Each structure stands twice: as C-alpha cells, then as structure tokens.
Amino acid sequence: YRDRWAPGPPMETARCFAGAALARGRLWVAGGYHGTANLSSVEAFDPGARRWERAPPMREARRGLGLAAVCDRLLVAVGGARCTRPLPRPPALLS
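All of these numbers come straight from a predicted model, not from anything done at the bench.

Brief notes about the nonpolar core
Grouped together as the largest cluster of nonpolar side chains are 10 residues: A21, A23, W28, A30, V42, A44, A55, M58, L65 and L67. Counting only elements with at least two residues in this core, the list comes to β1 (19-23), β2 (26-30) and β3 (42-46). Ignoring sequence-local partners within four residues, the contact set of L65 consists of F17, A18, G19, A30, G31, G32, M58, A77, V78, G79 and G80.

Take a look at the structure:
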C-alpha cells in the first residue's frame, strides 16, 4: 500500500468539519458535525491493527476546530464553533 490511497475501516461516528492530527502512531479525529449536532467524541485510528478506537471525549462539542499534536503526546483542540444551529444543508459525512 505504499504511495497509494486505499479504503480503510469506517469510523464509529460519521462526521464532517472535524479536527485531525497524527500522534503516537495514530490518526486522531475530534469533534465535528453529524447532520444535526456538533460532536465531542474523539476516535483514533491504529494503522497496525487497522481499526478505530474510542478515546475520551472533549469537554465541549464543536465543529470546525483545529487539532494539533504537541511533542507527539499531547493533543490540543483550538477554535471551532459551539453553536447548535443546524447547517442549512449538511455536506457529505466522513465515516
């Protein structure tokens, strides 16, 4: 699978407008929007096991956030919107 894209297993929660970062050998995805609500959930993809795992949620649900890894061990979520107003027409969700 080097140098090419391949489909992987679906995330537990479909989402768009999420933050993502690489840390500790995993791809972390936090927050986002799921059709009618902002999300606080966090999932981590383990490429060795080829599966998504739940991680502790953020304190507040938000979409459009930035997620950064600091020193490959600390995840920092910044910005985003906490508004609860639904989007006029939700885009395709990532799953």
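Notes on the pairing of β3
For a regular strand, the rule is simple: side chains alternate between the two faces of the sheet. Burial analysis of β3 places 5 of its 5 residues in the buried class, which makes it a mostly covered element. Residue alternation in β3 divides its side chains into two sets, V42, A44 and D46 and E43 and F45, and both sets are buried. Hairpin connection of β3 to strand β4 (residues 51-55): 4 residues between the antiparallel strands, including R50 at a positive phi of 55 degrees.

As for the sheet that holds β2
Spatially, 4 strands are ordered β1-β2-β3-β4 in an open sheet, and the strand pairing comes out antiparallel. Two strands in the sheet have a free side with no partner beyond their single neighbour: β1 and β4. Adjacent strand axes in the sheet meet at a mean angle of 25 degrees, parallel and antiparallel pairs treated alike. Direction of pairing for β2 relative to β3: antiparallel, over a ladder of 4 bridges.

Thoughts on the packing of aromatic side chains
Tallied over the entire structure, the rule returns 1 aromatic pair. Here F45 and W52 contribute two aromatic rings whose centre-to-centre distance is 5.2 Å and whose plane-to-plane angle is 50 degrees, an arrangement assigned as tilted. A relative accessible area of 14% places F45 in the buried class.

Here's the deal with the pattern of salt bridges
Enumeration over the complete set of coordinates arrives at 6 salt bridges. Residues R26 and D46 are paired through a salt bridge, measuring 3.2 Å at the closest nitrogen-oxygen approach. With a gap of 20 residues between them, R26 in strand β2 and D46 in strand β3 connect regions that are remote in the sequence. Given a relative accessible area of 24%, R26 falls into the partly exposed group. By relative accessible area, which is 17% here, D46 ends up buried. R26 is paired through a salt bridge with E53; the nearest N and O atoms lie 3.5 Å apart. Residue R26 is located in strand β2, and its partner E53 is located in strand β4; the two are separated by 27 residues in the primary sequence. One salt-bridge network, held together by shared partners, links R26, D46, R51 and E53.

Basis of the calculations
Residues numbered from 1 in each chain as written. Predicted model: local features only at pLDDT ≥ 70, side-chain atom pairs only at ≥ 80, totals over all residues. Heavy atoms only, no water. Core = buried A, V, L, I, M, F, W, Y, C linked by side-chain atoms within 4.5 Å. Buried < 20%, exposed > 50% of the residue type's maximum accessible area, 1.4 Å probe, protein only. Helix = DSSP H or I, 4+ residues; strand = E, 2+ residues; numbered from the N terminus. Contact = heavy atoms within 4.5 Å. Pairing = 2+ DSSP bridges. Axes fitted to C-alpha atoms, helices over the stretch in contact; angles between N-to-C directions. Phe/Tyr/Trp six-rings, centres within 6.5 Å; stacked < 30°, edge-to-face > 60°. Salt bridge = Lys/Arg side-chain N within 4 Å of Asp/Glu carboxyl O.

Purely geometric numbers; function is a separate question.
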